[in-house]
Amino acid sequence: MNYGIEPNILNSPYSLILSISLIFGLIHLGNFLIKYFLKNVIKTNYKSEYIFYSPIVGSYFLLFFLYIVIIFELNSKLILNYSGYFLLLLALLFFYENRNLILNKSLLKKIIKELIFIDYVILILLFLLLLISASPPTHSDTLDYHISGALNLLSYGHFNKEILPMNFNLVSVGEILIAIGLSLKAYEFGGMIQFVSLLALIPLYFKSDKKFFLILILTCPITFFLSSTPKPQLLFVISSLLIFIFSHKYLDNIDKKKIKFIFPLILLVLAINGIAKYSF
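The shown structure was predicted, so the numbers you read here are calculated from the model rather than taken from an experiment.

Scoring rules and cut-offs
Residues numbered from 1 in each chain as written. Predicted model: local features only at pLDDT ≥ 70, side-chain atom pairs only at ≥ 80, totals over all residues. Heavy atoms only, no water. Helix = DSSP H or I, 4+ residues; strand = E, 2+ residues; numbered from the N terminus. Rg over C-alpha atoms; globule rule 2.2 N^0.38 Å. Buried < 20%, exposed > 50% of the residue type's maximum accessible area, 1.4 Å probe, protein only. Contact = heavy atoms within 4.5 Å. Lys, Arg positive; Asp, Glu negative; His and termini not counted. Charge placed at Lys NZ, Arg CZ, Asp CG, Glu CD. Phe/Tyr/Trp six-rings, centres within 6.5 Å; stacked < 30°, edge-to-face > 60°. Lys NZ or Arg CZ within 6 Å of the ring centre and 35° of its normal. Salt bridge = Lys/Arg side-chain N within 4 Å of Asp/Glu carboxyl O. Expected span 1.5 Å × (residues − 1). Polar contact = N/O pair within 3.5 Å; in protein donor to acceptor, adjacent residues only side chain to side chain.

### Here we look at the overall build of the protein chain
Along the backbone of the protein chain there are 14 helices and zero strands. Listing every helix and strand of the protein chain by position from the N terminus yields α-α-α-α-α-α-α-α-α-α-α-α-α-α. For the protein chain, whose C-alpha radius of gyration is 19 Å, the value lies close to the compact-globule estimate of 19 Å for 280 residues. On the principal axes, the C-alpha backbone points of the protein chain span a range of 55 × 45 × 40 Å. A burial count over the protein chain gives 44% of its 280 residues as buried. Within the protein chain, counting contacts between residues at least 6 apart in sequence, those at least 24 apart form 79% of the total. If you average the places of the 22 positive and of the 14 negative side-chain charges in the protein chain, the two averages end up 12 Å apart.

Structure (structure tokens):
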């Protein structure tokens, strides 16, 4: 391993392009899992708006799988170092399967015609947050142990087992996602996960009577702060919010047989959030 950050990242803009590609791979993975779960377990119809949840679903699938691999050291070094290639392959499949939709100019024009002023405000805010998340991280703790801890995971395939250096003992589940990006030297991947996690709010608050509340969330100072760092805290915040909304609105109306599958998943997500940061 080349120690330090610079030998382990690509130069701009190649690092950013690769990070964005990995995000599309994450979206493809999450969307596949959502479709499979709805069709074979819950047995309900898939809605196009569910794709906004796919980055979160894909992230938690990788977190759970890789955390088990790392804890039990099941060839974890090899799996971690090739996890980025797995997402890159999924990204290529995503672009291939959706090539007609991406090149459909008439659909894009139709969507633009239906937008109103407040929609443009939300899109501008999202674009600004995208620029922030795509910028190189400058937070002191990120440069200290989040990035170096992720590189340590890639080098040894396990969490720190020694007392020193003490800051490596702060490394947890969140650094696994950073390590996936750094496996291909994609420096901005962790920050991009922050941004795509925010997209999960669109199906909830993009209705006519809730758009102003979405603007409040997007302009909140803590949102700007967390968007500028690869620490995947927005991922855990928004997943906890989604669980709260789902439990409050829909849990009482779901069949008991389906609850047997849904409730363990809720506990698993909350357990990962707790492992990542106790304040969650």
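### Here's the deal with the packing of aromatic side chains
By convention here, two paired aromatic rings are described through the distance between centres and the angle between planes. Counted according to the given criterion, the structure contains 10 aromatic pairs. Ring geometry for Phe 24 and Phe 94: centres 5.3 Å apart, planes at 35°, overall tilted. Of this pair, Phe 24 sits in helix 1 (residues 14–42) while Phe 94 sits in helix 3 (residues 76–97), and the two are 70 residues apart along the sequence. A relative accessible area of 12% places Phe 94 in the buried class. Measuring from centroid to centroid gives 5.6 Å for Tyr 82 and Tyr 85, while their planes differ by 40°, and the two rings are tilted. With Tyr 82 and Tyr 85 both in helix 3 and three residues apart, this pair spans about one turn of that helix. Taken together, Phe 24, Phe 94 and Phe 95 form an aromatic cluster joined through their ring pairs. When the ring centre of Tyr 46 is taken as origin, the NZ or CZ atom of Lys 35, which lies over that ring, is 5.1 Å away.

### Structural notes on the pattern of salt bridges
Throughout the structure, instances matching the rule amount to three salt bridges. Residue Asp 119 is joined to Lys 211 by a salt bridge in which the shortest nitrogen-to-oxygen separation is 2.6 Å. Of this pair, Asp 119 sits in helix 6 (residues 117–134) while Lys 211 sits in helix 11 (residues 211–218); the two residues are 92 residues apart in sequence, bridging distant segments of the chain. In this structure, Asp 119 and Lys 211 share a single accessibility class: buried.

### Some details on helix 8 (residues 174–182)
Here helix 8 lies mainly inside the structure; nine of its nine residues are buried. Regarding helix 8, the residues found buried are Gly 174, Glu 175, Ile 176, Leu 177, Ile 178, Ala 179, Ile 180, Gly 181 and Leu 182. Its buried side turned inward, helix 8 meets helix 1, helix 2 (54–71), helix 3, helix 7 (140–156), helix 9 (189–198) and helix 13 (233–249).

### Focus on the environment of Ser 155
For Ser 155, the position within the fold is in helix 7. With relative accessibility at 15%, the residue Ser 155 sits in the buried group. Taking the C-alpha atoms as reference points, Ser 155 and Leu 16, 139 residues apart in sequence, are found 23 Å from one another.

### Structural notes on helix 7
With 17 residues, helix 7 extends 24 Å between its outermost C-alpha atoms, agreeing within 8% with the 24 Å of an ideal straight helix rising 1.5 Å per residue. Within helix 7, the full set of buried residues consists of Thr 142, Tyr 145, His 146, Ile 147, Gly 149, Ala 150, Leu 151, Asn 152, Leu 153, Leu 154 and Ser 155. Residues of helix 7 that are buried in the fold lie against helix 2, helix 3 and helix 8. Of the residues flanking the end of helix 7, it is Gly 157, one or two places downstream, whose phi is positive at about 75°.

### With respect to the environment of Asn 160
Here Asn 160 shows up in the loop between helix 7 and helix 8. For Asn 160 and Ile 23, which are 137 residues apart along the polypeptide, the C-alpha to C-alpha distance reads 27 Å. Apart from residues lying up to four places away in sequence, Asn 160 is in contact with Pro 165, Phe 168 and Asn 169. Within the structure, Asn 160 has its side chain in polar contact with the backbone oxygen of Glu 162 (distance 2.9 Å). A distance of 3.1 Å separates a polar atom in the side chain of Asn 160 from a polar atom in the side chain of Asn 169.

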